[in-house]
Amino acid sequence: MKTNRRIIRVLIVVSALFLALLSYLLYFNMFEAERVSTNPYNRRQWDDERYVTRGTIYDADGLVLAETVENESGGVMRKYPQGRIYSHVIGYCSQVYGKSLLEREYDSELLGKGDLDLFQGDKKKGFDLNLTIANSLQKYAYEQMRGKRGALVAMNPQTGKILAMISLPDFDPNAATLEKSWGDIVENENSPLIARAVQGLYPPGSTYKIVTAAAAYENGLAGTKFNDEGKFTVGDLTVENYNGKKYGEISIEKAFAVSSNQVFCSVGFELGSEIIKEISERFWIGKSIEFDLQTAASRIEYKKMSDSDSALVAIGQGQLLTTPMEMAVICSAIANGGEIIRPYLVDSITKNETVVKSSKEKVLGRAISEECAEYVKERMIETVNEGTGTKARISGVTVAGKTGTAENENEKDHAWFVGFAPAETPEIAVAVILENDGRSGGDSAAPIARNVMSRYLSSVK
Amino acid sequence: MEKANFKLPAYLLIIMNALGFLLLFMANDYRANVLYVGLGLLGLFILIYSILVICNMGDKFLVLIASMLMTLGVLMLCRLDIIMGARQIVWICIGGMVFFVTYCIYYNIRFWNRMWFLYAAGGIILFVLTLVLGKTVNGSRNWISFGPLSFQPSEIIKIFYIMFLACHYSGSWTKPFLRLSPTLMTGAVTYVYILFLVLQRDWGTILVVFLIFIFMIYVYEEQKWFLFANIASAAVVAAFGYLFLYHIQVRVGVWLDPWADVSNKGYQIAQSLFAIAAGGYFGRGLGNGAPDYIPEVHTDFIFSAICEEMGVFGGAAVIILFFLLAYRCFKITLNTKNLYNKAVGLGITLMFALQTFIIIGGVTKFIPLTGITLPFVSYGGTSVVVSFASLGIMQAISALEARKGGTERDENE
């Protein structure tokens, strides 16, 4: 019967509608629920806090960095005894504006979710976090960076432990101050809410010659001589050396130490876009780095990259953007023999001083061979000893480093320095960027990196 | 003839009631009133079901499925507010009586198919009454109050509308009216209804009415142009509405991005999504969630509350129960030989299915949100009573068919 046949088709349509509802509900729960439930407007996030005291965050030496205390009216309040110094590491935790950074990423741990211990009195306590950062170094680095705009990342290149992490400008994360000054913070044109160390994307400038030098070594260009006339020209692209210097006949090794743009543009152009792109990917450009905080993915933004584009990328300009964290990871790869190591900030999660979970070192991948890393390391040592990075020298310690002075449209140059020490057995790798500083990386960023490395090395001795 | 075992689902219903209310009793500081409500509800179900079985009133599953849905609804309502849960039981009690009354009337009267004019006019009179006497609730002017009692005429109009459509599509009404052929007449009445609903800003009911109309045309109309013409005109009207009606723009805007204005326009849907997200797969447990953060949680948004406390699997159970209800109704419709009953059955089936899809899709942000009740689950007298009345008609249709086709079987047994 015709009617029945059509009714059966309607039944099929209705079944499809119900199936779509079911699938959507499952999809929502699998892929969207987590993002939705951490929305700051979700009042449920604060419900748990009525029954659980949020865990404390300690530095590497057991100093309190964040704790929840009761105020006079019996309510609870998050306190940050170190003030602004950790505003871009720990973030904030406000009933009005929600949570950020570690407070957000480790929310369920801090609230003790999954803690099956039922016998602990009226109010449960969440898990505590122990960071890899020692307050003494963080505070020292903060003082070095004071008054600047930019970021500093210091990490152990062998293990990936973050030793200091600064982003400036910053803000006072204590809830009362934060809520009062929120309007100013949000409207401030310097965006103090951005954790520049992991979220800021900058052209890396000449510090990226580290990657280009590795590519040159892999492609047999080590020892090649170039004729440097101070200017690289191809098509309508012209790139000059910093301050218009001309070096004449120069080896690629020397060109690295003095940071010749002409030579490295030529290398980038000759190797071509495919090789530059491929080695960049091995150094984790185009992927976000696995970390305790959300990191922006460093990237090369060309839709189709030509060889003259790769000449620019080879000197860290063009459509290449990297985070300070990425530069610290690249620098660590040279220091540790070519491996991309996962940086981490939370050393362990504890409850009443018993470890619940502790972080392990993890190698994300190999970028280059040990020989290649050794070659680039030699170049970086030369840079500090007799090239552009002399202001990073520490007496009695061999330092490896690379300076960068990144041009950007309409504004003053960014000053960069990345380096590690001691070069023989690296213990600390540092990346420093000073936004729109105007001076060269060797003049302004290198001394800061030196001081931080020197301070760290003298404290561990 | 099939001889399905309907005892097993009946036991399941009893177990579900017992466990559900016991759990709520424990979560509610062991206050006994929860148990009274639970016992009352279970007693009511057993009574309705016993009458159904003893009097051999057709399909045995419809009422069981609806009872399971009502159990979930009342459990949730009691958890939100025990008084509301108790009131809902009163409505279910009245609904149960309406169910049997509708059943008897529909079963015994044989000239339903000749009263198209009454249905159409009755609908329009109710609409006019709503416009004159109505009051606005949540932006929709679709309530009429008589003293302390108030009801939503649009719920009743839906049934009139289905019976009206069935007159034409069963082929019982062939004479033109005012020179308009019945085909054009049904179209005209549909659009007049929709116009009234636009005036009341009752977008959810518009969607239900129009989709029932389209599916009916698809099944019955021989001239395909009429189907396409209606779909095309609907597309034009929808585009027009989106361009010029602020209400529709807001709804679509909030659907595309509720987070843009969470504190105002997106508030409701955001709260609903927060609740569903909080539930996870197995829910936070009865009494452990915070469904009271959702506005209108006892009516339109009850599904989100179920998802929060009983989890996505609880929500999936509700969807599957509605699917079973629709499937059972489809089966009855397909087995019915009487053309008028078949058309009415199809209409009611579609009403249950579409209404469920529209509101569950709405509160989960699958489709734009249009406020409408979830049959049998949402709180509300009109909703419960009209759902029961529709079920009564469906039950009568199944009984009529069984009685006719079953004569032979009865002799064999």
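Residues numbered from 1 in each chain as written. Chains lettered and ligands numbered in written order. Predicted model: local features only at pLDDT ≥ 70, side-chain atom pairs only at ≥ 80, totals over all residues.

Colleague: What exactly am I supposed to notice about the overall build of chain B here?
Modeller: Of regular secondary structure, chain B possesses 15 helices and three strands. Here chain B holds 413 residues, and the buried ones make up 50% of them. Sequence-distant contacts in chain B: of pairs separated by 6 or more residues, those separated by 24 or more amount to 70%. (Helix = DSSP H or I, 4+ residues; strand = E, 2+ residues; numbered from the N terminus. Buried ≥ 20, exposed ≤ 12 C-beta atoms within 10 Å, placed from the backbone. Contact = placed C-beta atoms within 7 Å.)

Colleague: What is the right way to read the pairing of strand S10 (residues 162-168) of chain A from this model?
Modeller: Working note: regular strand, side chains alternate between the two faces of the sheet. Residue and element names in this part refer to chain A. With seven of seven residues buried, S10 lies mostly within the body of the structure. Two elements, strand S9 (residues 150-155) and S10, share six bridges in a ladder whose sense is antiparallel. Looking at S10, one finds that Ala-151 is bridged to Ser-167. Count of turn residues in the S9/S10 antiparallel hairpin: six residues, of which Gly-160 carries a positive phi of about 90°. (Pairing = 2+ DSSP bridges.)

Colleague: Sorry, what's going on with the sheet that holds S9 of chain A here?
Modeller: Picture the strands of a sheet paired through backbone hydrogen bonds; they go either parallel or antiparallel. Residues and elements named next belong to chain A. If you walk across this open sheet you meet the five strands as S10-S9-S23-S22-S21, and the pairing is antiparallel. With one partner strand each, in any of the chains shown, S10 and strand S21 (400-408) form the two edges of the open sheet. Each strand axis lies, on average, 5° off the axis of its neighbour in the sheet, ignoring direction. Bridge count between S9 and strand S23 (residues 428-434): six bridges; the pairing is antiparallel. Across the sheet, Gly-150 pairs through a bridge with Leu-434, a residue of S23. Against the sheet, helix H14 (residues 370-386) makes contact with S21 and strand S22 (411-421), and its axis sits at roughly 80° relative to S21, the strand it touches most. (Axes fitted to C-alpha atoms, helices over the stretch in contact; angles between N-to-C directions.)

Colleague: Explain the interface of chain B and chain A here, please?
Modeller: By convention, interface size is frequently given as the accessible area that disappears when the constituent parts associate. Counting residues at the interface gives 32 residues for chain B and 24 residues for chain A. For the side of chain B that touches chain A, the secondary-structure elements that each account for two or more residues are helix H8 (203-220), helix H11 (267-279), helix H12 (302-335) and helix H13 (339-363) of chain B. In terms of residues, the side of chain B that touches chain A owes the most to one element, H12 of chain B, which gives nine residues. For the side of chain B that touches chain A, the residue count by class is 26 nonpolar, six polar and no charged. (Nonpolar A, V, L, I, M, F, W, Y, C, P; charged D, E, K, R; others polar.)

Colleague: Help me out: how do you make sense of the pairing of strand S13 (residues 237-240) of chain A in this one?
Modeller: Residues and elements named next belong to chain A. With four bridges joining them, strand S12 (residues 231-234) and S13 adopt antiparallel strand pairing. Note on S13: the bridge partner recorded for Lys-231 is Glu-240. The loop that links S12 with its antiparallel partner S13 comprises two residues; one of these, Gly-235, has a positive phi angle of about 55°.

Colleague: Any chance you could explain the nonpolar core here in plain terms?
Modeller: Nonpolar side chains in soluble globular proteins tend to end up buried together. Of all hydrophobic cores here, the largest spans 135 residues; its most connected members are Ile-162, Met-163, Phe-164, Ile-212, Met-216 and Phe-303 of chain B. Beyond its immediate stretch of four places on either side in the chain, Met-216 of chain B contacts Leu-165, Tyr-169, Leu-346 and Gly-347 of chain B. One finds Tyr-142, Leu-163, Ala-255 and Ala-431 of chain A within the second-largest nonpolar core, a separate group that totals 120 residues. (Core = buried A, V, L, I, M, F, W, Y, C linked by C-beta atoms within 7 Å.)

Colleague: Help me understand the packing of helix H8 (residues 209-218) of chain A against helix H10 (residues 261-271) of chain A in this model?
Modeller: Two measures define how a pair of helices packs: the angle their axes make with one another and the distance between the axes. Residue and element names in this part refer to chain A. Where H8 meets H10, the axes come as close as 10 Å, and the angle between the chain directions of the two elements is 50°. As judged from the angle between their axes, H8 and H10 are oblique. Between H8 and H10 lies a crossing whose hand is left-handed. Counting all contacts with H8, which are made through Lys-209, Thr-212, Ala-215 and Ala-216, the residues of H10 involved are Phe-264, Val-267, Gly-268 and Leu-271. (Parallel < 35°, antiparallel > 145°, perpendicular 65-115°, else oblique. Left-handed = near helix turned anticlockwise from the far one by under 90°.)

Colleague: What exactly am I supposed to notice about unusual backbone geometry here?
Modeller: Note on backbone geometry: most residues besides glycine have negative phi, and most peptide bonds are trans. All names here are of chain A. Cis geometry is adopted by the peptide bond preceding Pro-169, which originates at Leu-168 and carries an omega value of 0°. Among the structural elements, Pro-169 can be located in the loop between S10 and helix H6 (175-187). Between Ala-421 and Pro-422 the backbone carries a cis peptide bond, its omega angle lying at -15°. Positive phi values are uncommon outside glycine, yet Glu-353 reaches one of about 65°. Checked against the element boundaries, Glu-353 lands in the loop between strand S18 (346-351) and strand S19 (354-358). Since 8 C-beta atoms lie within 10 Å of it, Glu-353 is described here as exposed.

Colleague: Please clarify how the sheet that holds strand S2 (residues 57-58) of chain A should be interpreted in this entry.
Modeller: Residues and elements named next belong to chain A. Overall, mixed pairing links the six strands, which are arranged S4-S3-S2-S8-S18-S19 in an open sheet. Each of the sheet's edge strands pairs with one partner strand only, and the pair in question is strand S4 (76-79) and S19. The pairing of S18 with S19 spans four bridges and is antiparallel. Within the sheet, the bridge partner assigned to Lys-351 lies in S19 and is Thr-354.

Colleague: Is there a simple way to think about helix H1 (residues 7-27) of chain B in this case?
Modeller: Since there are 3.6 residues in each turn of an α-helix, residues three or four apart along the chain are aligned in direction. All names here are of chain B. Here H1 contains 21 residues, and its C-alpha end-to-end distance of 30 Å stays within 8% of the 30 Å for a straight helix at 1.5 Å per residue. Turning to H1, its buried residues number three or more, namely Leu-13, Asn-17, Gly-20, Phe-21 and Leu-24. The buried residues of H1 occupy one face: seen down the axis, they fall within an arc of 85°. Facing away from the buried side of H1 by more than 90 degrees, the exposed set consists of Lys-7, Leu-8, Tyr-11, Leu-12, Ile-15, Leu-19 and Met-26. Along its buried surface, H1 packs onto helix H2 (33-54) and helix H3 (61-80). Asp-29 occupies a position one or two residues after H1 and carries a positive phi of about 55°. (Expected span 1.5 Å × (residues − 1). Arc of directions from axis to C-beta.)

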